[in-house]
Amino acid sequence: MRLSARDKALLDGADGDVNRQAMDALVQLGEAFDAEDMVDIGYAHVHAGMAMYLGDVELMEELAERGARMSVPASTNIANADMENWQATKAPESLVRLQKRAETAHLSMGTGGCFTCTPYWAGHWPTWNTHMASIESGVTIFSNSILGARSNRDGFFAVYAGMTGRYPRFGLHLDENRTPTHRVVVEAAPSGTADFTVLGYAIGAHVTNAVPLVTGLGRRPNLDELDALGVGMATSGGVAMFILPGVTPPYTDKDETLGDRLPSILVRERDLRAVYDDFCTGEENGFDIVHLGCPHASFEEMKHYAQLLDGKTVKSDVELWITTNRTVRQMARDSGLLKPIQASGAKVISDTCPISCHFARTCSPDPSLGVEPPKLRTIVVDSAKQARYIRDMIHCPTLLTTTEKAVETAVSGTFVPRW
Amino acid sequence: MVGVKDFEGRGIVKGVASGPALVSRTPFSFLGDVDIRTGDVIGELSDLRGQNIAGRVLVVPATRGSAGAWRFLYQLKQHGTHPVAIITGELPDPSVVQGAILSGVPIVSGLADRIGNAITDDTILRVDGQTGLIAVVDDQQP
């Protein structure tokens, strides 16, 4: 692998041991994947340090104490507790205290601490051809497919990329891997974010690791729907980029023909129904929580929730959770949107979500924290991603429907299905 | 020098480790297939279901994709339930490579089939993730 003079200097410890460790790890990664050299990155979305995982917050503290600093704009991924309003989720205070230590570590490293799976709604908006690294697969697919930035599905090493400003040139950093491998023909009329997570989920399950070219939508989905489409694909498959001609830079409407000779997949309405059906395993009157905001809601979605909930009251034995990032929560507060939402009894939660909080049964936090996941009967959701991980991580049944019908469900106490 | 009972693959993650082999013929997911507290394999899609990966040299044809795999591999390390080394057929996912580097678990790729056919579970293997060399330390086959 060809290294720049600065890469070599970092490897030699010229910028301290913590940067030597970061560069050494990135070089190993690059050699494993036959990268010819490293690229300069312009943005990194990095690990929060998660209080529900043993030794994980300490991992970030150790980097910070050893002098790690972000050399490019960076944002933090979702965390395990709402650090402002944890009482609303009944999170143990011990867990919150540990989670806040990660926030302190990030402050000293200069990371923009938005603690979210949607840093783009908090203003982190990488532009066309910006090389970047991201720990969150939803951020990866949004950046590649909507913004035209270049990102792989990374893990912990996004933080090393943020520290060094470098990343090995492989995967979606190369032009040759940013071309379509499959054509998807949509013969359905998805509408709203729930439908688009489901469409994405159906596509991802078919193509697994691929770059699907999506045709047949008949209209330009709005930004929230585009976000939902990518998140769905990234959940059921290993998809890191899709191509929607006319949306995905640099592809234009004319590029639909690029799919003509590729393996073709047809997605019909019945395929969408099948995903909804798969994630409707709970009882229609036996749910504890209704959840909106997976991925973390945008300001536009907060407006939509405020309209839906205006003058309504959430049923007394039901909790309605709305999860968003702290930046959007502040914008919603400043715009008066939180008033009708909170007046209805709904809870607005940041930094975390049902699958990321103390509900998860697949984590193994330090026993001294006293975390005991509550027994939940069913969670109603409007996102195929949330549904999938509730099943896998909380081990609890779900009911999946649209945003509007999920709100009706929370108000009436009886599940309102998509179909 | 490569001996008659030794194998040479492609070193992916640096480090040297020895342990008893655990051979699988199904792709492995670190997110979902294993209980991090115990190292027990619980995934229904894995032929290792019911076995334990702690302290073993895990031999798998491929890793199944998940961007979160690195975290679970690191959690296995935190709990002391991690495999001491990993041998794969196909190149593992980037997330697995990141987790292995973070956890100091060497990986050699490109020979899971050959090894799987030549040895049995519990054969002691010494894995060198720098050179890609795998030595049979204690061949328990007759």
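Presented here is a report on the structure given in the accompanying data block. On a predicted model such as this, the values are computed, not experimentally measured, just so you know.

When you go through chain B residue by residue, the secondary structure sums to three helices and eight strands. Helices (α) and strands (β) of chain B occur, in sequence order from the N terminus, as β-β-β-β-α-β-α-β-α-β-β. Taken against the 2.2 N^0.38 rule, which gives 14 Å for 142 residues, the C-alpha radius of gyration of chain B at 13 Å falls within 12% of a compact globule. Put simply, of all contacts in chain B between residues at least 6 apart along the chain, 68% involve residues at least 24 apart. As displayed, chain B has an accessible area near 5600 Å², and 49% of this comes from carbon and sulfur atoms.

Here we come to helix H8 (residues 223–236) of chain A. Note that an α-helix has 3.6 residues per turn; residues three or four places apart therefore point the same way. Here H8(A) spans 21 Å end to end across 14 residues, near enough to the 20 Å set by a 1.5 Å rise per residue. In terms of burial, H8(A) is largely enclosed, as 13 of its 14 residues are buried.

This part covers the environment of Glu62(A). By the secondary structure assignment, Glu62(A) is in helix H3 (residues 56–65). Residues Glu62(A) and Val18(A), spaced 44 residues apart in sequence, show a C-alpha to C-alpha distance of 9.4 Å.

On the chain A side, the residues contacting the 23 residues of chain B number 28 residues. The junction of chain B with chain A conceals about 2300 Å² of combined surface from both sides, 58% of it contributed by carbon and sulfur atoms. Three residues, Trp70(B), Arg71(B) and Gln98(B), lead the burial of chain B against chain A; their summed loss comes to 24% of the area buried on that side. Here chain B and chain A share two salt bridges between them. Measuring nitrogen to oxygen at the nearest pair gives 3.1 Å for the salt bridge that ties Arg10(B) to Asp34(A). Where chain B touches chain A, the interface holds 13 residue pairs in polar contact (both at pLDDT 80 or more). Considering each element in turn, the side of chain B that touches chain A owes the most residues, seven residues, to helix H1 (residues 69–79) of chain B.

Residue and element names in this part refer to chain A. Within this structure, the stated rule accounts for one cavity of 30 Å³ or more. What lines the largest cavity is Thr193, Thr197, Asp224, Asp227, Ala228, Gly293, Cys294, Pro295, Glu301, Tyr305, Asp382 and Ser383. Looking at side-chain class alone, the lining of the largest cavity contains four nonpolar, four polar and four charged residues.

All names here are of chain A. A complete count under the given rule lists zero disulfides over all chains for this structure. Of the cysteine sulfurs around Cys114, a residue in no disulfide, the closest is that of Cys117, at 9.8 Å. Between Cys294, a cysteine without a disulfide, and Cys353, which holds the nearest cysteine sulfur, the sulfur-to-sulfur distance is 6.0 Å. Judged by relative accessible area, Cys294 falls into the buried class, the value being 12%.

Here the focus is helix H5 (residues 137–147) of chain A. Residues and elements named next belong to chain A. Of all 11 residues in H5, 11 are buried, a share of seventy percent or more. What H5 keeps buried is the set Ser137, Gly138, Val139, Thr140, Ile141, Phe142, Ser143, Asn144, Ser145, Ile146 and Leu147. The inward-facing, buried residues of H5 abut strand S2 (43–46), strand S4 (132–134) and H8. Two or three places before Gly138, at the opening of H5, Glu136 has a side-chain oxygen 2.8 Å from that residue's backbone nitrogen. Phi turns positive, to about 80°, at Gly148, one or two residues after H5.

Attention now goes to the layout of surface pockets. Residues and elements named next belong to chain A. Looking at the second largest pocket, its volume works out to about 210 Å³. Lining the second largest pocket are 15 residues, with Gly192, Thr193, Glu301, His304 and Glu404 positioned closest to its centre. Put simply, the parts of the chain that give the lining of the second largest pocket at least two residues each are helix H7 (193–207), H8, helix H10 (299–309) and helix H14 (403–412). Considering every element that reaches the lining of the second largest pocket, the biggest residue donor is H10, with four residues. For the lining of the second largest pocket, the residue count by class is two nonpolar, seven polar and six charged. Two domains each provide a minimum of three residues to the lining of the second largest pocket, namely domain 2 (179–273) and domain 3 (279–412).

Reading the values: the criteria
- Residues numbered from 1 in each chain as written.
- Chains lettered and ligands numbered in written order.
- Predicted model: local features only at pLDDT ≥ 70, side-chain atom pairs only at ≥ 80, totals over all residues.
- Heavy atoms only, no water.
- Helix = DSSP H or I, 4+ residues; strand = E, 2+ residues; numbered from the N terminus.
- Rg over C-alpha atoms; globule rule 2.2 N^0.38 Å.
- Contact = heavy atoms within 4.5 Å.
- Areas by Shrake-Rupley, 256 points an atom, 1.4 Å probe, with all protein chains shown as cover.
- Expected span 1.5 Å × (residues − 1).
- Buried < 20%, exposed > 50% of the residue type's maximum accessible area, 1.4 Å probe, protein only.
- Buried area = accessible area lost by both parts, 1.4 Å probe.
- Salt bridge = Lys/Arg side-chain N within 4 Å of Asp/Glu carboxyl O.
- Polar contact = N/O pair within 3.5 Å; in protein donor to acceptor, adjacent residues only side chain to side chain.
- 1 Å grid on protein atoms, 1.4 Å probe; cavity = no way out; pocket = protein on both sides within 12 Å on 5 of 7 lines; lining within 4 Å.
- Points joined across faces, edges and corners; volume = space filled by probe spheres on them.
- Nonpolar A, V, L, I, M, F, W, Y, C, P; charged D, E, K, R; others polar.
- Disulfide = S-S within 2.5 Å.
- Domains from an automatic or database assignment.

All quantities given are derived from atomic positions and should not be read as evidence of function.
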